Structures are given as structure tokens and as C-alpha cells.
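Structural overview for review
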Amino acid sequence: MIIIGEKINGTIPVVKKAIEDKDQDFIKKLAIDQAEAGADYLDVCAGTIPEIEVETLTWLMDIVQGTVETPLCIDSPNPRTIEAVIPFSKKPGIINSVSEEGDKCEIIYPLLKGTDWQVIALTCDNNGIPKDTETRIGIAVKLVEKAGQYGIGPERIFIDPLVIALATDNQSLLTFIDTMNKIKEIYPKARITSGLSNISFGMPLRKVINQHFLTHAVFSGMDSAIMDPCNRDMIASLLATEALMGRDRNCRKFNDAYRKGKIGPKKEA
Ligand code: THG
């Protein structure tokens, strides 16, 4: 599983405050904690004020890159922001994201040409997030085919089928799994990623729902998640699922994580 750590995100109130206060130590700690917890990439998202997005994002990127070696996942809804900050990245990571909205592909894909950057492709377009599997797959195909025109192969693309809240769509998980399976049939080398928290929007006990979503999605073939790697229950669920799927010989990863105190009761440092 490829874990993209979600915590450096200016839409989270405590992070928003740290950004406003220019609190470098707070951001550094988020980077270190997530890297130590096993994040493969660190998502960086400036938040919601467009006027200072580029400045905020480069500030976050500088702190993270000065603190840990983990590559970045650059998260912005604005392709021009991504274009502006890419030169400040020390090494290739993931661009989050393209979709069929506006001219996102035309701006983002040329940036990836001839590099090792990867990209998350959201299955939405100018009409929003489609409810049905067929429309989502149609969008995914367009996004992968367009990437091909820039020499970007499916192996560099993470498709994010965008989970709808279960409270508004009873079939949400089932549609997600169906979409994932069909995309993998068409593009076996493409990977599937997703945020975990959309599923539980508007429900109580959100973390329980998110944890079970992760289990089902991973069992059904999800390759990556944008998640909080410091959430010990979530990591325990993930490691348990991978062991149950036969991906953890002698349950060694699970046992090691327990022994090191990464899952289960917290051990004193
Ligand atoms: N797909 C893609 N990118 C995304 C999302 C997606 N980027 C933004 C978002 N969704 C993923 N990021 C977050 C960041 C924080 C939270 C949820 C999603 C959040 N965090 C809680 C907090 O920090 O207080 C804790 C959550 C926990 O402990 O599990 O709510 O879907 N491509």
C-alpha cells in the first residue's frame, strides 16, 4: 500500500492556524511524525485563500523538504498553482490532481512530460462527480488517453474514483469498488487511490466508517490511500487486512509493528 500522508493541509483548522502564525515547528513535526509512521508521500495543501496559495504552498514545501526525505504530493485545485510551485520541489513526487474539469490536463500533463512525476487523476468533469460507474470510467479513460499523448503511461497515474458520502448515496462503496475493478481491467498498470474520509461525511463515528471503508477497498484492490498515517487504529486495520490477504509472510509486518509499539497499546518512548 502506498500511503499519502494527509496532515499538512491548510483546510485542517490547527494547520491553518500554524500557517497564519508562520509556525515552522508545527509543520516540521507533522512531517516527521508522518514520515516515521510510514508515509510514502506527504500531501501538502495550502488551503483556501487563492491570493496567497503559491506563497503558502512553497513555504510548506520548503519546510517539509528541509525536514524529511519523503517525496511530496502537491495538492491544489488550481493547475496554475501547481505549475508555479513544481520548480521548488527537490525531487519528483505526485501531482494532486488532474481531472476533466476545464483545461487542467492541458496545463498539468506538459509539466510531467519527460520527468518522473506521477499524477492523481480524479474521475470528475465540468458536471461534477458522476454517480454511476460508466460515466466515471469514461472520464478515467479520457484522462489516461490524454496522458498518453504526453508520453505519460498508466503506471504513472493514480486514478481517484472520488468516493461519495454513504449518507447521500447508499451504493457509494459498491460503486467505488465496481469502478475500481473496471478501471483495473482496462489499465492493469494504473493504480487506484482515494481519500478515506468522504465516505463518512454526515455520519457519527466517522473514524469507524473510514476504517471499514479502508479494509473493503484494500481487499478489493485499492493500491494507495490519502490518509492519516499517525492514526494507529487505521494502520492496525491496514496491516491486519494485508496479513489476511496473504501479503504479510508469517504476519511479520503486523507483529513487528506491534512489537515496536506502532499499533496496539502505546509504548513509552
Ligand atoms: N482525493 C485527493 N486528494 C484529496 C482528497 C481526496 N485531498 C484532500 C482530502 N481529500 C484528503 N485530505 C484530508 C486531510 C485531512 C482530513 C481529511 C482529508 C481530516 N483529518 C483529521 C484531522 O487531521 O483532524 C483526522 C483524520 C483521522 O484521524 O483519521 O479530516 O479525496 N486526490
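To start, this report covers the structure provided alongside it.

Conventions and cut-offs
Residue numbers run consecutively from 1 along every chain, following the written order of its sequence. The model is predicted, so local features are restricted to residues of pLDDT at least 70 and side-chain atom pairs to those at 80 or more, both for listing and for counting; the totals for chains, interfaces and linings are taken over all residues. To obtain the side-chain values, all non-hydrogen atoms of the structure were used and water was disregarded. Only the six-membered ring of Trp is used, alongside the rings of Phe and Tyr, when aromatic pairs are assigned; centres must lie within 6.5 Å, and planes under 30 degrees apart are stacked while those over 60 apart are edge-to-face, with the rest tilted. Two thresholds decide whether a charge sits over a ring: the Lys NZ or Arg CZ must be within 6 Å of the ring centre and within 35 degrees of the ring normal. The helix and strand labels rest on DSSP assignments: H or I over at least four residues marks a helix, E over at least two residues marks a strand, and numbering proceeds from the N terminus. Remark: exposure states derive from per-residue accessible area (1.4 Å probe, protein chains only) relative to the maximum for the residue type, with buried under 20%, exposed over 50%, and partly exposed in between. Working rule for contacts: check all heavy atoms of both residues, and any pair within 4.5 Å makes them a contact. Here, a salt bridge means any side-chain nitrogen of Lys or Arg that lies within 4 Å of a carboxyl oxygen of Asp or Glu. Proximity is defined per residue: if any heavy atom of the residue lies within 4 Å of a molecule or strand, that residue is considered near it. Two N or O atoms form a polar contact when they lie within 3.5 Å of each other; inside protein one atom must be a possible hydrogen donor and the other a possible acceptor, and for residues adjacent in sequence the pair counts only when both atoms belong to side chains. Methods summary: accessible areas were calculated by the Shrake-Rupley approach with a probe of 1.4 Å, and residue burial reflects only the protein chains presented. Residue polarity follows a fixed list, in which Ala, Val, Leu, Ile, Met, Phe, Trp, Tyr, Cys and Pro are nonpolar, Asp, Glu, Lys and Arg are charged, and the others, Gly among them, are polar. Residues belong to a common nonpolar core when they are buried Ala, Val, Leu, Ile, Met, Phe, Trp, Tyr or Cys residues joined through side-chain atoms within 4.5 Å. Strands are labelled as partners when DSSP assigns at least two bridges between them. Crossovers are described as right-handed under a simple rule: with the strands pointing away from the observer, the path leading from the first strand over the helix to the second runs clockwise.

**Considerations on the packing of aromatic side chains**
According to the stated counting rule, one finds 2 aromatic pairs in the structure shown. Across from the ring centre of W59, 5.1 Å away, lies the NZ or CZ of K22, which sits over that ring.

**Details of the side chain of S172**
Note on placement: S172 falls in helix 7 (residues 172-186). Owing to a relative accessible area of 3%, S172 belongs among the buried residues under this scheme. Aside from chain neighbours lying at most four places away, what touches S172 is V163, I164, A165, L166 and I199.

**Concerning the pattern of salt bridges**
The full count for this structure, using the stated rule, is 14 salt bridges. Across the salt bridge formed by K7 and D228, the nearest N and O atoms sit 3.1 Å from each other. Here K7, found in strand 1 (residues 2-9), pairs with D228, found in the loop between strand 8 (224-227) and helix 9 (232-244); they are 221 residues apart in sequence, far enough to count as distant. K7 gets classed as partly exposed once you look at its relative accessible area, which sits at 23%. The class of D228 is buried, set by a relative accessible area of 18%.

**Thoughts on the site of the ligand**
Near the ligand you find 15 residues, and of these D75, N96, D160, K207 and N231 are the closest. Here an oxygen atom of the ligand sits 3.0 Å away from a polar atom, N or O, in the side chain of K207. N231 is positioned such that a nitrogen or oxygen atom in its side chain is 3.2 Å from an oxygen atom of the ligand. Coverage of the ligand by the protein amounts to 71% of the 680 Å² it exposes when considered alone. Within the residue set of the shell around the ligand, elements represented by two or more residues are strand 1 and strand 5 (118-125). When grouped by side-chain class, the residues that make up the shell around the ligand number 4 nonpolar, 6 polar and 5 charged.

**Things to note about the environment of G264**
Here G264 lies in the segment after helix 10 (252-259). Other than its neighbours up to four places away in sequence, G264 contacts R232 and Y258.

**Things to note about the nonpolar core**
Membership of the largest hydrophobic core comes to 66 residues, with the highest contact counts inside it found for I74 and M222. Those residues in contact with I74, other than ones at most four positions away along the chain, are V44, L57, M61, I82, V85, I86, I94, I95, N96 and W117. Formed by 11 residues, the second largest nonpolar core is a distinct cluster that contains I2, I4, Y41 and F158.

**Some points on the pairing of strand 5**
Burial analysis of strand 5 places 7 of its 8 residues in the buried class, the great majority of the element. Here strand 4 (residues 94-100) runs beside strand 5; their pairing, made up of 5 bridges, is parallel. Across the sheet, residue E100 finds its bridge partner in strand 5, namely D125. In this fold, the crossover linking strand 4 to strand 5 by way of helix 5 (residues 104-112) has right-handed handedness. Where strand 5 and strand 6 (residues 157-160) come together, 4 bridges link them in parallel fashion. Paired with L122 across the bridge in strand 6 is D160. Handedness of the crossover is the feature at issue here: the chain leaves strand 5, passes through helix 6 (residues 133-148), returns alongside strand 6, and the resulting connection is right-handed.

**Remarks on the side chain of N231**
Secondary-structure assignment places N231 in the loop between strand 8 and helix 9. Of note is the side chain of N231, whose polar atom sits 3.2 Å from the backbone nitrogen of D233.

Don't take any of this as a statement about function, it's just geometry.
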